[in-house]
Amino acid sequence: MATWSAPGKVFLFGEHAVVYGKHGVAMAIRPRVYVTVRKARRMSEVKSPYLEECFRQMGVQGSLYIRSQLPSSSGLGSSAAVTVATLSAINDEFGLSHSREEISTIAYEIEKKVQRGRASPTDTYVSSFGGLILMGASSKRRLPPPGLPLVIGNTGISHNTARMVEMVADFKRTHPEIVVPLLDAIEGTTKRALHSLNNPRELGWLMNVNHSLLEALGVGHPVLARLVLAARAAGAFGAKLTGAGGGGCMVALCPSRLRSRVAGAIKACDASPLITTIDTEGTRKEKDV
Ligand code: MEV
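Rules used throughout
Residues numbered from 1 in each chain as written. Predicted model: local features only at pLDDT ≥ 70, side-chain atom pairs only at ≥ 80, totals over all residues. Heavy atoms only, no water. Domains from an automatic or database assignment. Contact = heavy atoms within 4.5 Å. Buried area = accessible area lost by both parts, 1.4 Å probe. Salt bridge = Lys/Arg side-chain N within 4 Å of Asp/Glu carboxyl O. Polar contact = N/O pair within 3.5 Å; in protein donor to acceptor, adjacent residues only side chain to side chain. Helix = DSSP H or I, 4+ residues; strand = E, 2+ residues; numbered from the N terminus. Pairing = 2+ DSSP bridges. Buried < 20%, exposed > 50% of the residue type's maximum accessible area, 1.4 Å probe, protein only. Arc of directions from axis to C-beta.

Q: What is the right way to look at the domain arrangement of the protein in this model?
A: Splitting the protein by domain gives domain 1 (2–145) and domain 2 (150–276). The straight-line distance from the C-alpha centre of domain 1 to that of domain 2 is 22 Å. At the interface, 29 residues of domain 1 touch 41 residues of domain 2. A buried area of about 2,800 Å², summed over both sides, lies between domain 1 and domain 2, and 68% of it is on carbon and sulfur atoms. When the buried area of domain 1 at its contact with domain 2 is split by residue, Phe13, His16 and Tyr20 rank highest and sum to 26% of it. Along the contact surface separating domain 1 from domain 2 lie 2 salt bridges. Linking Lys22 and Asp184 is a salt bridge whose minimum nitrogen-to-oxygen distance equals 2.7 Å. If you look at where domain 1 meets domain 2, you find 12 residue pairs in polar contact (both at pLDDT 80 or more). Counting residues per element, the ones that place at least two in the side of domain 1 that touches domain 2 are strand 1 (2–13), strand 2 (24–39) and strand 4 (132–135).

Right, here's the structure in full:
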């Protein structure tokens, strides 16, 4: 029996644009998913296509038990976290000796397959390695972990990442003259943010700009807009939707002393707040339960 865990993630900058090879910045965050795998003669029934693929790709059969602190279909990378934790637990239980890098790559292939070809390696990489990561078309760079106090607001409206990514692809196909400059501008916020990692006021403003660009891309939602405005009004440096959009979560960057106030403002909008910060570990072996 082997138990592994993996963290969730938030996109601070660049979601959707990364699907087109642009740069983006994502950060691993505290809530984790825990997966226990045990050798078994027969496969336990798994309903998720991600999990089915994990066992298929690793060429083994087993049973598994999942405990998750991450809400699913909410933009916090729960499918990637479940996938990398499951692959890591399979790797350990069956002594397969894949490196963390290899597991991250296999997890990305699984996400891409399940999401019909449209996925960036961001979620799986960040969940595997933890920390603050600059994603590029063919590069990944670990950035110095800043102490960024974040408050996440979960709308409770589930979204389908593959569908949102497809919607943007359709918009780009029919209106390239609008969508191409929007994707470039989103990457512009990422690039400016790299110079402002120690300037939360500037970083917050860039998050606001990124949010507006995502809304122009068509991936906003009225409830996300409400939470973003409520967080800013409560004193956040900035706030934006995070992940695929169309529901799911928003993230606010706050002065430490105002985190509870921002969380209260999100709660007052009937959404679930979560005060969090960076996870620097990535996947981790846990004591067996
Ligand atoms: C989903 O968390 C972020 C998207 O950019 C898709 C991806 O990167 O695979 C929308």
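Q: I'm lost on the pairing of strand 5 (residues 140–143) in this one. Help?
A: Both faces of the sheet carry side chains from a regular strand, because those side chains alternate between them. Pairing between strand 4 and strand 5: 4 bridges, direction antiparallel. Looking at strand 5, one finds that Met135 is bridged to Lys140. Hairpin connection of strand 4 to strand 5: 4 residues between the antiparallel strands.

Q: For this particular structure, what's the right way to read the side chain of Thr190?
A: When you line up the elements, Thr190 lands in helix 6 (residues 176–194). Using a relative accessible area of 0% as the deciding quantity, one classes Thr190 as buried. Within the structure, the side chain of Thr190 is placed 3.3 Å from the backbone oxygen of His23, a separation counted as a polar contact. Dropping the residues within four chain positions of it, Thr190 is found in contact with Phe13, Gly14, His23, Gly24, Val25 and Leu134.

Q: Would you mind showing me how to read helix 9 (residues 259–268) here?
A: Since one α-helical turn is 3.6 residues long, residues separated by three or four positions face the same way. Of all the positions in helix 9, only Val262, Ala263, Ala265 and Ile266 are classed as buried. For helix 9, the buried positions fall inside an angular range of 155° around the axis, keeping them on one side. In helix 9, the exposed positions angled more than 90 degrees off the buried face are occupied by Ser260, Arg261, Lys267 and Ala268. The inward-facing, buried residues of helix 9 abut strand 6 (150–154), helix 8 (222–233), strand 8 (249–253) and strand 9 (272–276). Count one or two residues on from helix 9 and you reach Asp270, which has phi positive near 65°.

Q: Any chance you could explain the environment of Ala107 here in plain terms?
A: Within the fold, Ala107 resides in helix 3 (residues 100–114). Judged by relative accessible area, which is 0%, Ala107 ranks as buried. Through-space distance from the C-alpha of Ala107 to that of Gly264 is 36 Å; in sequence the pair is 157 residues apart. With near-sequence residues (within four places) excluded, Ala107 lies in contact with Thr83, Val84, Leu87 and Thr124.

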